[in-house]
Amino acid sequence: MQDYAKEIRTRANELLLREEWSEAIQLYSEYIDHCESHEELKKSLCVALSNRAEARIRLRDFENAIRDVNRSLEADPAHPKSLYCKGRILLELDQYSQASECFQSALEHQPNTAEFMESLERSRRFESQSRNGTFDLSEWISNGFAGRPPECAEYVGPVEIRSSDVGPGERGLFVTRDVEAGTLLAVCKPVAIASGILPEKFAENAKMVIWKDLVTEIERVARRSSRVLRKIYTLAESDDGNRKKDLGVPDMELFKANSVLGFEFESPCEPVDLKRILGIADINTLTEKGCGVKKLGHGLYYSNEIDCVGLWVLPAFVNHSCSPNAGRLHVGDNVFIHAARDLKAGEEVTFAYFDVLLPLGTRRELCKTWSFVCRCHRCELERSLEGDLRGIEDDFGRIYKKGGEMEMTKLALKLEQKLTQLQGRVKAKDRQLIRASFAKAYWPMFRSPVLLKKWGRQMPCIEGVIDAVTCALPGDETALCAAATIVDKLKVSKGLTPYRKAMDRALRICKGLYGKQMKSNVMKDLIDAHVYNRGIIAPKSCIF
């Protein structure tokens, strides 16, 4: 019997080395049964349990893995490999303080072990990030985003989930104190991500495949982690096209690193309801592309044919506004949420779910695809002026589809004449919001020296259009490209007032798009990288 058990252990070890995790788990399970029933084999029980835990870690089955190492540590509290495995599991589960304790204990029993020391340093770095929000992307950005994106801890800053005024039973994310533009509000890891190439002829079929892969991965993760499942079940779900509400406000401790809430390792997971998972995924998933969204880590340019969709729980609570106040930065697979403008305590954090630099009628149709009505200040303002703006909006829809720089410029001129008539009724800032709705009509003039010469005196300067756009969308990348190009043209007058004003404007927009998780000199390098024709970051839609 002992020889047979040793043969099983040898085969299990070989499978572990070959990274055949599921098969290794089966054989280790058989060997562990032998160890528990034969006294002479019990001395190798800890190694077998920690090896099975290793295989389960690789399959991201962390809750069963931690049960294995806990059993091992009951038999031998000083077993270094089990302590190390437990630390790795806790690190993956965002329990950074407990992970540090495990690595420290492993080092005490087996000093100067390189992998133990590296893991201890990593867990302490994550603990600092999760407590203080101290993320610095400067070195990675300065190196041209070379190598893998920086590892990041989960972080929940000055935000909490509350009931929202967007509708009955709705919830949203709110700031708990005054914050400046660029302030980091949260860093979130994905529950699941799926991606694929969208060839033009088969885009819809490819999207269905990506969607199926995402739901399958969400279900797989949910079945293996009771805490993840609890997080997922805090989200609203659609039911035959209707959004289920009145779910209550979840405890924020569930989303914070180092929180013990949701870690009932010894109890079985709540059953996974696939229909509910589908309903949640239907209305809560995010893509890595969008208005006010920036992706770093998979190349500065990535093809429009590549589509990536994922579920990040806390960002899913952020509601839409046509005048959003927060930005979303994707660093590798992690989502950084930052304030795109100064926020007051109690203010709701909002994203733009779609391109909001469009007239009210177009935005209203886009809202219908998301099954809601936007009632932000900007939308209410334009509703009150529908009679004044209807003709211009109808012309915009017709001309925008056909194209034509001169026609668009004439439309912008017509809008300026209307805004002059509205001066007594509409505040200056609100007129800027209206300009932002027709921003696409202004840009062509700045591309054409002929149009600029003909009508430039009757129109706002480019700085005025940039300010109008960022009044509605603080982190607009096209506006940043325009602002960066102005800075570049004024470099010869560095230190003079026009240059300083231009740089301040560009920095403000850059904070709205990227947040301020980098040193000021690196932020200026990012601005320089957005200068049109520099061939670095500037998007093809840039105005120049």
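Throughout, a residue's number is its position along its own chain's written sequence, starting from 1. It should be noted that, the model being predicted, local features are given only for residues of pLDDT at least 70 and side-chain atom pairs only at 80 or more, the latter also being counted only at that level, while totals for whole chains, interfaces and linings use all residues. The basis for every side-chain value is the complete set of non-hydrogen atoms in the structure, without hydrogens or water.

**With respect to the side chain of Asp68**
Strands are runs of DSSP state E lasting at least 2 residues, helices are runs of H or I lasting at least 4, and numbering of each runs from the N terminus. One can find Asp68 in helix 4 (residues 62-75). Here Asp68 falls in the buried class, since its relative accessible area comes to 2%. The contact criterion used throughout is that any non-hydrogen atoms of two residues lie within 4.5 Å. Those residues in contact with Asp68 that lie beyond four places of it in its chain are Leu49, Arg52, Ala53 and Arg56. Partly exposed residues are those whose accessible area sits between 20% and 50% of the maximum for their type, while under 20% is buried and over 50% is exposed, using a 1.4 Å probe and protein chains only.

**With respect to the packing of aromatic side chains**
A pair of Phe, Tyr and Trp rings is counted when the ring centres sit within 6.5 Å of each other, with Trp represented by its six-membered ring. The angle between the planes then sorts it: under 30 degrees is stacked, over 60 is edge-to-face, the rest tilted. As enumerated under the stated definition, the model contains eleven aromatic pairs in all. A centroid spacing of 5.1 Å and a plane angle of 90° characterise the contact between Trp140 and Phe145, whose relative ring orientation is edge-to-face. Aromatic side chains Tyr353 and Phe372 sit 5.9 Å apart centroid to centroid with 90° between the ring planes, which places their arrangement in the edge-to-face category. Taken together, the residues Tyr353 in the loop between strand 14 (350-351) and helix 12 (360-369) and Phe372 in the loop between helix 12 and helix 13 (377-384) connect sequence positions 19 residues apart. A relative accessible area of 25% places Tyr353 in the partly exposed class. On the basis of relative accessible area, Phe372 is assigned to the partly exposed category, the value being 24%. Members of the aromatic cluster, joined through ring pairs, are Tyr84, Phe103 and Phe116. Look at NZ for Lys and CZ for Arg. If either is within 6 Å of the ring centre and within 35 degrees of the ring normal, a charge sits over the ring. Here the basic side chain of Arg276 rests over the ring of Tyr233, its NZ or CZ set 3.8 Å away from the ring centre. Positioned over the ring face of Phe351 is Arg328, at 5.6 Å from the centre of the ring.

**Points about the packing of helix 14 (residues 386-402) against helix 15 (residues 405-421)**
Angles shown run from 0 to 180 degrees and are taken between the N-to-C directions of axes, each axis being a line fitted to C-alpha atoms and, for helices, limited to the stretch in contact. Running from N to C, helix 14 and helix 15 point in directions that differ by 170°, and their axes come no closer than 10 Å. One element, helix 14, and the other, helix 15, form an angle in the roughly antiparallel class. When helix 14 is examined against helix 15, the residues Asp388, Leu389, Ile392, Asp395, Phe396, Ile399 and Tyr400 are found in contact with a partner set consisting of Glu407, Met408, Leu411, Lys414, Leu415 and Lys418. When residue character is reported, Ala, Val, Leu, Ile, Met, Phe, Trp, Tyr, Cys and Pro are called nonpolar, Asp, Glu, Lys and Arg charged, and the others, Gly included, polar. Of the residues assigned to the contact of helix 14 with helix 15, the class counts are eight nonpolar, no polar and five charged. An angle counts as roughly parallel when it lies under 35 degrees, as roughly antiparallel when it exceeds 145, as roughly perpendicular when it falls between 65 and 115, and as oblique in every other case.

**Some words on the nonpolar core**
If you look at the biggest cluster of nonpolar residues, it comprises 81 residues, and the most contacted ones within it are Ile434, Ile466 and Tyr514. The dominant element in this core, judged by the number of residues it contributes, is helix 21 (residues 497-514), at nine residues. If near-sequence neighbours (up to four positions away) are discounted, Ile434 is found in contact with Leu381, Leu385, Leu389, Leu415, Leu419 and Val426. Formed by 45 residues, the second largest nonpolar core is a distinct cluster that contains Leu229, Ile232, Leu235 and Ile277. Residues enter a nonpolar core if they are buried and are Ala, Val, Leu, Ile, Met, Phe, Trp, Tyr or Cys, with the set joined through side-chain atoms within 4.5 Å.

**With respect to unusual backbone geometry**
Here Arg60, not a glycine, exhibits a phi torsion of approximately 60°, which is positive. Counting through the fold element by element, Arg60 comes out in the loop between helix 3 (45-58) and helix 4. Relative accessible area serves as the criterion here: at 42%, Arg60 is assigned to the partly exposed category. Positive phi, close to 65°, is recorded for Asp94, a residue that is not glycine. Within the fold, Asp94 resides in the loop between helix 5 (80-92) and helix 6 (96-109).

**Considerations on the confidence of the model for the protein chain**
The quantity known as pLDDT measures the predictor's confidence residue by residue, on a range of 0 to 100. Looking at the protein chain as a whole, its pLDDT mean stands at 88, while 91% of the residues score no less than 70. This model gives residues 535-544 a pLDDT under 50, and the stretch forms 39 contacts once residues within four places in sequence are excluded.

**Some points on the pattern of salt bridges**
In the sections that follow, a salt bridge refers to a side-chain nitrogen of Lys or Arg positioned within 4 Å of a carboxyl oxygen of Asp or Glu. What the rule picks out here adds up to 37 salt bridges. For Lys256, the salt bridge is made with Glu253, and the minimal N-O distance between the two is 3.6 Å. Note on Lys256: relative accessible area 29%, which makes it partly exposed.

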